[in-house]
Amino acid sequence: MTLEQLESIAKRQILAVQEYYLFCLQSVTNLFRAPHYVADILTQADLIGVGSLPIVVLTGFFTGGVLALQSAASLAQFGAQAYTGRFVSLSMIRELAPVLTGLMVSGRNASGMASELGSMVVTEQIDAMRALGTDPMKKLVTPRMLSTVLMLFLLTIVADTVGTAGGAFVAVFISGQNGTQYFTSAYQALVWADIAQGLTKPLFFGFIIATVGCYFGMKTTGGTQGVGRATTEAVVVSSVLIIFSDFLLSRAMLWLLPPV
Amino acid sequence: MKVSAPVVVFEDVSIRFNGPPVLENVSFQVGQAETRILLGPAGVGKSVLLKLANGLLRPDSGRIFLFGEEITHMREEELLRLRIRTGMVFQESALFDSLTVRDNVGYQLMERNLPEDEVSRRVREALQFVELGHTYDLLPASLSGGMRRRVAIARAIIDQPEFLLYDSPTGGLDPVTSHTINELVVKERDVYATPALLVTHRLQDAFTMTTHRYDKEQEKMVPLPDGQIEPNTSFLVLHEGKLIFDGSTEALLTSEDPFIREFIA
């Protein structure tokens with residue numbers, strides 16, 4: 001690979017980052033500019049939130065269950081099986097519920113947004129919308145961004161609850177622990193900082209999912225093959241960004257709200 | 001005597017996309033009640049020129065005026081205000097596939113939050129104009145190519161635009177359906193006198209429009225008497241990114257330009 005080719009690739013990447021930054025900025029500033037598409041926000045909230053509920057419930061329940069299964073066996077070696085609830089609730093609420101919910105919603109919705117908007121681009125529906133005097137950023141992107149942020153926040157609470165319940169199911173019915181002990185341990189372990197950390201992350205993850213999905217959709221070129229490529233890229237990039245930002249957010253939250 | 005300002009003016013407009021120029025120093029204008037037919041072989045930049053006219057694309061150089069306002073560097077939000085006053089028919093119709101025909105045609109009115117009754121009434125009127133009243137509740141996927149094109153025309157004209165842009169409205173259609181679309185374009189021209197810029201590579205369609213008029217009494221397109229030519233319909237010809245002809249039908253037919261002679265032969 002020649003130096004010129006490397007330079008060209010680097011320039012393209014930097015341009016993409018700049019475009020994505022401006023895209024995000026516009027999607028946020030549109031929140032404060034009329035018109036506001038309330039019906040579209042509610043439709044997207046239904047599609048993203050209610051539509052993702054089954055996969056989030058299943059993922060949360062079985063993740064909580066497997067955490068209890070693995071931790072109970074290890075903790076039993078130290079005679080600390082009573083801490084299973086604490087282990088499950090802390091892991092779920094701080095890390096696993098926001099990240100897994102983010103990844104699940106990313107797989108389902110970032111791909112959906114990229115393919116839907118990408119198809120609209122290649123069939124000139126976006127141009128038609130602009131020609132009819134509608135701003136596609138306001139009509140299509142901002143409602144999806146707002147709905148995903150709000151719904152991922154709520155879905156994470158559902159995953160927290162179902163995950164803890166899944167852990168309880170395994171702890172009580174498989175490991176033979178006392179249910180009251182499990183829930184007391186789970187509840188007592190939690191402090192404000194854990195909740196804050198667990199519920200701050202989905203706000204960022206939701207923003208990443210929607211903006212990455214919409215960005216790749218709106219930048220689609222190359223017909224139906226381009227739509228497929230945009231869909232794949234949207235899922236890959238949003239998933240990687242979720243994991244990466246989770247690390248940064250965890251670091252920042254531990255610094256802002258240190259464990260007592 | 002008051003001279004009406006042109007609807008669209010192009011001044012030395014050039015644009016390129018990662019390669020040689022698609023359009024180079026293109027200048028022309030569209031006057032009030034005037035229909036300009038843009039001819040040229042496939043891939044010469046006709047659709048690009050059309051998208052430049054309402055600001056869907058930005059030129060690299062030159063200036064474009066729409067309704068007397070320069071749109072070359074106009075912000076998208078301001079452009080939306082001007083685009084509402086125009087109507088555009090896309091090459092592949094570009095109907096919103098998740099909306100019914102009713103919602104497609106009434107889209108612009110719904111965006112303005114007009115009462116549902118008024119939207120429905122005006123959608124029915126527009127569909128009546130294109131003779132597709134029975135498709136009101138259907139989805140675009142269940143329509144034929146020609147029907148989609150007519151729905152796209154209904155969507156473009158529902159708000160009585162001050163300027164119409166047609167991107168190959170008969171492209172890919174059979175002769176009978178093409179005739180129906182041509183009739184609609186001529187009807188819009190003769191009944192409402194809406195200025196228009198029409199792109200086509202089909203000479204037959206272009207000459208049909210210059211040699212016919214819409215007869216309101218017979219409710220159909222009829223030939224002009226004694227070989228007359230419609231005076232407000234004229235031609236532009238694009239070749240290799242350059243505008244090589246801008247003039248009347250007679251001038252086109254008598255042009256000495258070798259490309260034009262070959263093109264219209």
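In what follows, the structure referred to is the one given above.
Reference entry: report on the structure contained in this document.

Each value, and the rule that gives it
- Residues numbered from 1 in each chain as written.
- Chains lettered and ligands numbered in written order.
- Predicted model: local features only at pLDDT ≥ 70, side-chain atom pairs only at ≥ 80, totals over all residues.
- Helix = DSSP H or I, 4+ residues; strand = E, 2+ residues; numbered from the N terminus.
- Rg over C-alpha atoms; globule rule 2.2 N^0.38 Å.
- Buried ≥ 20, exposed ≤ 12 C-beta atoms within 10 Å, placed from the backbone.
- Contact = placed C-beta atoms within 7 Å.
- Nonpolar A, V, L, I, M, F, W, Y, C, P; charged D, E, K, R; others polar.
- Pairing = 2+ DSSP bridges.
- Axes fitted to C-alpha atoms, helices over the stretch in contact; angles between N-to-C directions.
- Parallel < 35°, antiparallel > 145°, perpendicular 65-115°, else oblique.
- Left-handed = near helix turned anticlockwise from the far one by under 90°.
- Core = buried A, V, L, I, M, F, W, Y, C linked by C-beta atoms within 7 Å.
- Expected span 1.5 Å × (residues − 1).

## Observations regarding the overall build of chain B
Part 1 of the argument: Along the backbone of chain B there are ten helices and twelve strands.
Part 2 of the argument: Here the C-alpha radius of gyration of chain B, 18 Å, is about what a compact globule of 265 residues would show, namely 18 Å.
Part 3 of the argument: Considered along the principal axes of its C-alpha atoms, chain B spans approximately 55 × 50 × 45 Å.
Part 4 of the argument: By residue count, 43% of the 265 residues in chain B fall in the buried class.
Part 5 of the argument: At a minimum sequence separation of 6, the contacts of chain B that also span at least 24 residues come to 62%.

## Considerations on the overall build of chain A
Part 1 of the argument: Across its full length, chain A holds eight helices and zero strands.
Part 2 of the argument: Along chain A, from the amino end to the carboxyl end, the secondary structure elements read α-α-α-α-α-α-α-α.
Part 3 of the argument: With respect to the three principal axes, the spread of C-alpha positions in chain A is 65 × 50 × 35 Å.
Part 4 of the argument: By the burial criterion, 44% of the 260 residues in chain A qualify as buried.
Part 5 of the argument: In chain A, the proportion of contacts linking residues at least 24 apart, taken out of those at least 6 apart, comes to 88%.

## Structural notes on the environment of A:S89
Residue and element names in this part refer to chain A.
Part 1 of the argument: Mapped onto the secondary structure, S89 falls in helix α3 (residues 84-122).
Part 2 of the argument: With 27 C-beta atoms counted inside 10 Å, the residue S89 sits in the buried group.
Part 3 of the argument: Separated by 58 residues in sequence, S89 and L31 place their C-alpha atoms 35 Å apart.
Part 4 of the argument: Apart from the residues within four sequence positions on either side, S89 is in contact with T164, A186, A189 and L190.

## Let's talk about the interface of chain A and chain B
Part 1 of the argument: Between chain A and chain B, the contact holds eleven residues from the first and 14 residues from the second.
Part 2 of the argument: Looking at side-chain class alone, the side of chain A that touches chain B contains three nonpolar, four polar and four charged residues.

## Notes on the sheet that holds strand β4 (residues 61-66) of chain B
Part 1 of the argument: Read from one edge to the other, the open sheet built from four strands follows the order β2-β1-β4-β5 (chain B), with strand pairing classed as antiparallel. Each edge of the open sheet carries a strand with a single partner, namely β2 (21-30) and β5 (69-70) of chain B.

## Section: the pairing of strand β9 (residues 212-215) of chain B
Residues and elements named next belong to chain B.
Part 1 of the argument: Bridge count for β9 against strand β10 (residues 220-223) is four bridges, and the pairing is antiparallel. If you follow D215 over to β10, its bridge partner there is K220.
Part 2 of the argument: Hairpin connection between β9 and β10: a loop of four residues separates the two successive antiparallel strands, and E219 in this loop has a positive phi of roughly 55°.

## Quick notes on the environment of A:K201
All names here are of chain A.
Part 1 of the argument: Examined against the element boundaries, K201 turns out to sit in helix α7 (residues 192-218).
Part 2 of the argument: Measuring from C-alpha to C-alpha, the distance between K201 and A97 comes to 9.9 Å, with 104 residues separating the pair along the chain.
Part 3 of the argument: For K201, the residues in contact, after removing those within four places along its chain, are P98, D246 and L249.

## Quick notes on the packing of α7(A) against helix α8 (residues 223-256) of chain A
All names here are of chain A.
Part 1 of the argument: Relative orientation of the contacting elements α7 and α8 amounts to 155°, with a least axis distance of 9 Å. Put simply, α7 runs roughly antiparallel to α8. Between α7 and α8 lies a crossing of right-handed hand. Within the contact between the two elements, α7 uses A196, Q197, T200, K201, F204, F205, I208, I209, V212, G213, F216 and G217 and α8 uses A230, E233, A234, V237, S238, L241, I242, S245, D246, L249 and M253.
Part 2 of the argument: Looking at the contact of α7 with α8, its residues break down into 14 nonpolar, six polar and three charged.

## Let's talk about the environment of B:E188
Residue and element names in this part refer to chain B.
Part 1 of the argument: Counting through the fold element by element, E188 comes out in helix α7 (residues 175-192).
Part 2 of the argument: Of the residues examined, E188 has 23 C-beta atoms within 10 Å and is grouped as buried.
Part 3 of the argument: Considering only alpha carbons, one finds E188 and I157, 31 residues apart in sequence, at a separation of 8.4 Å.
Part 4 of the argument: Beyond its immediate sequence surroundings of up to four residues, E188 is in contact with I157, L164 and T194.

## Some words on unusual backbone geometry
Part 1 of the argument: In this structure, the amide linkage connecting A:A34 to the following residue, A:P35, adopts the cis form with an omega of -5°.
Part 2 of the argument: For B:N113, which is not glycine, the phi torsion reads 60° and is therefore positive.
Part 3 of the argument: Relative to the helices and strands, B:N113 resides in the loop between α4 (107-111) and α5 (116-129).

## Focus: the nonpolar core
Part 1 of the argument: Within the largest apolar cluster, 73 residues are counted, with the highest numbers of intra-cluster contacts made by B:L38, B:A53, B:A154 and B:L197.
Part 2 of the argument: If you tally residues by element for this core, the top one is helix α6 (residues 145-157) of chain B, at seven residues.
Part 3 of the argument: With residues near it in sequence (within four places) discarded, B:A53 still touches B:V8, B:I64, B:L66, B:L165 and B:L197.
Part 4 of the argument: A:M113, A:Y215, A:V227 and A:L241 belong to the second largest nonpolar core, which has 55 residues in total.

## Considerations on α8(A)
Residue and element names in this part refer to chain A.
Part 1 of the argument: A rise of 1.5 Å per residue sets the reference length of α8, with its 34 residues, at 50 Å; its end C-alpha atoms lie 47 Å apart and thus fit the reference within 8%.
Part 2 of the argument: Three or more residues of α8 are buried, namely V227, A230, T231, A234, V235, V237, S238, L241 and I242.
Part 3 of the argument: Looking at the buried positions of α8, the neighbouring elements they touch are α3 and α7.

## So, the packing of α6(B) against α7(B)
Residues and elements named next belong to chain B.
Part 1 of the argument: Closest axis-to-axis distance for the α6/α7 pair is 10 Å, and the angle between their directions is 10°. With respect to their mutual orientation, α6 and α7 come out roughly parallel. When α6 is examined against α7, the residues G146, R149, R150, I153 and I157 are found in contact with a partner set consisting of T177, T180, I181, L184 and E188.
Part 2 of the argument: For the contact of α6 with α7, the per-class residue count stands at four nonpolar, three polar and three charged.

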